[in-house]
Amino acid sequence: MEIYLDANATTPVLDAARAAALSAMAEDFGNPSSIHSTGLKARALIDRVRSRASRLLGAGSGRLLFLSGATEGIQTAVLSALRALRERRAAGDASAELLLYGATEHKAVPEALKHWNELLGLGLRVEAIPVGRDGRHDLAWLKEHAPRAGLVCTMAANNETGVISDLDGIEAALAGSTCFWLVDGVQALGKLPLRLAERRIDYAPFSGHKLYAPKGIGLLYVREGAPFTPLMAGGGQEGALRSGTENMSGIAALGAVLEALEDGKSFRDHATLATFRNRLAAALQQAFPGLVFNAPLEQTLPTTLNFSVPGLASRLLLDLFDAAELRVSGGSACSAAKAQPSYVLQAMGLPESQTASAVRLSFGPAAEEAFINEACERIRVCGDTLRENCLAPSGNQALIGDGITRFLMDGECCWLVADAGSRRCVVIDPQPALADRLAQQLRCQGYPLVAVLQTGSQDEGAQALRAAIPELLAEEGGDAWALGQQTLRRLALGDGRSVFLLDQRVAFIGRASPAELGTAVLPATLLAPACDPDNRVASTPTAALAGAAGPAPSLGPDALHALLREHPDALVIDVREPFEQRLGQAPTLDPAVAIEAMPISRLLNALPAWLAMPAERPIVFFCRSGNRSQIAAQLLVRLGHERAYSLAGGLALWPQREAAADPALYV
């Protein structure tokens, strides 16, 4: 059952909005520009929704345009203001030198400023308004620069942190300036009283999909008397201010949301939402001791939490929450895939430990108490799971270590070889950036570290690891180390390079080529590299000579079921990490089908047995998204087992998703 906690990115469509959209498609489908009865009916619907939006936003005599969303609204507002500034300059008024935007503004705003500034040939200087550690604008700085500003752009509330802007303070700072003022109202809709007409706001864009309407519908408020230039010219719709036939189903759906907002029954009030947020905050603090909130809760939306856990990367937290069916975000959804520190938190002056590991949790104002209860319980389970798997910064449980584990960072591999019987271990090619993570793993494991080995001449990583765990060091000299029934031996290659052989079963080759190993390895010896930018995991001398293999075949759910009916002896392997397996569900298959767990970080332990199986026996791998399972399947194909498959799209696209039957848990 999915718990959706990424409402600042988008929201599900309200039932009433969905019904209104379908009704508009079936009954109010007329073109509102037509003068027959069907068109007049559509026009009346538009007028009703516009009137309701005007009341809720306090638009007064200002105009409200229906358009595709906030991005179009921002583009239209910036074009309108900058064209008016160009006309002023042509008339001899060159007082406007600056285009200002909040340093934590959504990227759509500065990009629009730069685009239209260049396209209109204004040559104005685009500058960011600094913000404090609390995420609020530096009003003294703004007051100083406002007299030279032509356009000032600020948010009503920030999409990443939920910080609520001091709009009254901003308005006071702009007193006496002739600048135009754009306020991004996207996150404020349904959460804050904006009172647009009471302030000197010239433009305010909104997006319906942030408040339970479908994507593709939005609003732009334009203050009476503010300059306006249409972004889209054509048939003259929207009073010739935004051409293009109106999105009737989107407008109807937005109208249903606004009606629900106006009736005061469908959405929770501010106090209730704040209570919900505080309960989530308490659950987070209990689950992750040391957690810090990246913005003061008393100055943020009651539906948003932005936090970091020192010592935990945001990628790990996101994977953890996703495995527990908790959908959260690493920041703005528009830039979350770029894996960069949050520019919003950087602008606030927060340390790298927070900017690079931030997680955003957000819910909508229609949230129910049962939804919050379930979210809190899963957050607590996530914390327990971290400690059970030695991933928490502190309070971890003891861990039994056995076999070979790969640690990968930026294409560089480190290998931990442990033997549970003798309680001994070695580390090969530790990376400096992984020293803390390795030290944590070794402490949980508790085995003496009998060797810290390097296949090359660089030893910064070895030094960092030794310094991190002096209490576990029991290093033995020589060129061979016993690990229970196995022996790890050094093979010197010259030039300060070495290869380490684990009974000719596995060779940790560093950056050596297979040709350099000669007869020291067998054709089936697994070659484990120190550098693996393509994430090939391992090879063999035979496979290395054969060259690269193409992608392994992927199976959709129907094809997988068909394969298992034909081959009931097929192996199905879960390559997710243990914490994901602990939290997440496996695909629903025939009870006779056995699902085995072998995390991708430990594949070397299972490869010999898999490769020894009959060539006709299928092996199917699955993970969350299909990426890791494709790596595992392609590895087997490259090593000679051609009947290896990946589950296409992973569990994310597996059709049997229980949450779909309970839409209340999507709010």
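Residues numbered from 1 in each chain as written. Predicted model: local features only at pLDDT ≥ 70, side-chain atom pairs only at ≥ 80, totals over all residues. Heavy atoms only, no water.

A. Focus on the packing of helix α2 (residues 37–57) against helix α8 (residues 248–263). Where α2 contacts α8, the axes come no closer than 9 Å and their chain directions differ by 40°. By the criterion of interaxial angle, the relationship of α2 to α8 is oblique. By crossing handedness, the relation of α2 to α8 is classed as left-handed. On α8, the residues that touch A42, L45, I46, V49, R52, A53, R55 and L56 of α2 are M248, I251, A252, G255, L258, E259, L261 and E262. Of the residues in the contact of α2 with α8, the class split is 11 nonpolar, 1 polar and 4 charged. (Axes fitted to C-alpha atoms, helices over the stretch in contact; angles between N-to-C directions. Helix = DSSP H or I, 4+ residues; strand = E, 2+ residues; numbered from the N terminus. Parallel < 35°, antiparallel > 145°, perpendicular 65-115°, else oblique. Left-handed = near helix turned anticlockwise from the far one by under 90°. Contact = heavy atoms within 4.5 Å. Nonpolar A, V, L, I, M, F, W, Y, C, P; charged D, E, K, R; others polar.)

B. Quick peek at helix α13 (residues 369–388). End to end, α13 covers 29 Å across 20 residues, agreeing with the expected 28 Å (1.5 Å per residue, within 8%). Along α13, the positions that sit buried rather than exposed are F371, I372, A375, C376, R378, I379, C382, G383, T385, L386 and R387. Looking at the buried residues of α13, the elements they touch are β1 (3–4), α9 (270–287), α10 (314–323), β11 (326–327), β12 (359–362) and α18 (578–583). Backbone geometry just after α13 places C390 at a positive phi near 60°. (Expected span 1.5 Å × (residues − 1). Buried < 20%, exposed > 50% of the residue type's maximum accessible area, 1.4 Å probe, protein only.)

C. View of empty space enclosed by the protein. Within this structure, the stated rule accounts for 2 cavities of 30 Å³ or more. If you add up the space inside the largest cavity, you get close to 70 Å³. Considered class by class, the residues forming the lining of the largest cavity number 5 nonpolar, 6 polar and 1 charged. Each pocket or cavity is described by its volume, and for the second largest cavity that value is around 50 Å³. Every residue lining the second largest cavity is listed: A287, F288, P289, L386, R387, A392, P393 and S394. For the lining of the second largest cavity, the class distribution of residues is 6 nonpolar, 1 polar and 1 charged. (1 Å grid on protein atoms, 1.4 Å probe; cavity = no way out; pocket = protein on both sides within 12 Å on 5 of 7 lines; lining within 4 Å. Points joined across faces, edges and corners; volume = space filled by probe spheres on them.)

D. Representation of the pairing of strand β20 (residues 506–510) in the model. Among the 5 residues of β20, 5 are classified as buried, and the element is accordingly described as predominantly covered. Residues of β20 alternate between two faces, with V506, F508 and G510 on one and A507 and I509 on the opposite face, all of them buried. Here 3 bridges tie strand β19 (residues 497–502) to β20, and the two strands are oriented antiparallel to one another. Residue pairing for β20: F500 is matched across the bridge by F508. Here β19 hands over to β20 after 3 residues, with D503 in that stretch at a positive phi of 55°. Sheet topology note: the β20/strand β21 (residues 526–529) ladder contains 4 bridges and is parallel. For V506, the partnering residue across the bridge sits in β21 and is L526. (Pairing = 2+ DSSP bridges.)

E. Region of the structure containing the environment of L501. Tracing the backbone through its elements, the reader meets L501 in strand β19. Expressed as a C-alpha distance, the spacing of L501 and T525, which sit 24 residues apart in the sequence, is 9.3 Å. Residues contacting L501, with those up to four places away along its chain left out, are T487, L488, R489, V506, A507, A520 and V521.

F. Structural view of the confidence of the model for the chain. Scored by pLDDT, the chain has a mean of 92; 96% of the residues are at 70 or more. Confidence drops under a pLDDT of 50 for residues 333–338, and excluding neighbours within four residues, the segment shows 3 contacts in the predicted structure. In this model residues 657–667 is a low-confidence stretch, pLDDT under 50, and it forms 27 contacts with partners more than four residues away in sequence or in other chains. (pLDDT = per-residue confidence, 0-100.)

G. Inspection of the pattern of salt bridges at higher detail. Under the defined criterion, the tally for this structure stands at 33 salt bridges. Its salt-bridge partner being E97, residue R148 comes within 3.2 Å of it at the nearest N-O pair. Here R148 is found in the loop between α5 (139–145) and β5 (149–155), whereas its partner E97 is found in the loop between α3 (70–90) and β3 (98–102), with 51 residues between them in sequence. Take E97: its relative accessible area is 36%, and that puts it in the partly exposed class. If you follow the salt bridges from partner to partner, you end up with E2, D322, E325, R327 and R624 in one network. (Salt bridge = Lys/Arg side-chain N within 4 Å of Asp/Glu carboxyl O.)

H. Representation of the environment of V506. Of note, V506 is situated in strand β20. Assessed through its relative accessible area of 0%, V506 is described here as buried. Expressed as a C-alpha distance, the spacing of V506 and P130, which sit 376 residues apart in the sequence, is 55 Å. When near neighbours in sequence (up to four residues on either side) are disregarded, V506 contacts I404, F500, L501, T525, L526, A528 and L604.

I. Just the packing of aromatic side chains, in detail. Applying the stated criterion across every chain, the model contains 6 aromatic pairs. Between F288 and F321, the ring centres sit 6.0 Å apart and the planes meet at 80°, which makes this aromatic pair edge-to-face. Residue F288 is located in the loop between α9 and β9 (292–293), and its partner F321 is located in helix α10; the two are separated by 33 residues in the primary sequence. Relative accessible area serves as the criterion here: at 3%, F288 is assigned to the buried category. You can call F321 buried: its relative accessible area is 1%. An aromatic cluster is defined as three or more aromatic residues linked by ring pairs; in this entry it consists of F288, F307 and F321. A cation sits over an aromatic face here: K107 above Y343, 4.0 Å from the ring centre. (Phe/Tyr/Trp six-rings, centres within 6.5 Å; stacked < 30°, edge-to-face > 60°. Lys NZ or Arg CZ within 6 Å of the ring centre and 35° of its normal.)

J. The sheet that holds β19, seen in detail. Strand order in the open sheet formed by 5 strands is β17-β18-β19-β20-β21, with mixed pairing between adjacent strands. Two strands close off the open sheet at either side, each with one partner strand: β17 (480–483) and β21. Adjacent strand axes in the sheet meet at a mean angle of 25° when their direction is disregarded.

K. Quick look at the sheet that holds strand β14 (residues 412–419). The strand order β13-β14-β15-β16 describes an open sheet built from 4 strands, whose pairing is mixed. Since the sheet does not close on itself, it has two edges, and those belong to β13 (403–409) and β16 (449–453), each with one partner. In this sheet, adjacent strand axes meet at a mean angle of 15° when their direction is disregarded. Here strand β15 (residues 424–428) pairs with β16 via 4 bridges, running parallel.

L. Representation of the packing of α9 against α13 within the structure. Where α9 meets α13, the closest approach of the two axes is 8 Å, and the angle between their N-to-C directions is 10°. Relative to α13, α9 is oriented roughly parallel. Every residue of α13 that contacts α9 at F276, R279, L280, A283, L284, Q286 and A287 is listed here: E369, I372, N373, A375, C376, I379, R380, G383 and R387. Of the residues belonging to the contact of α9 with α13, the class tally is 9 nonpolar, 3 polar and 4 charged.

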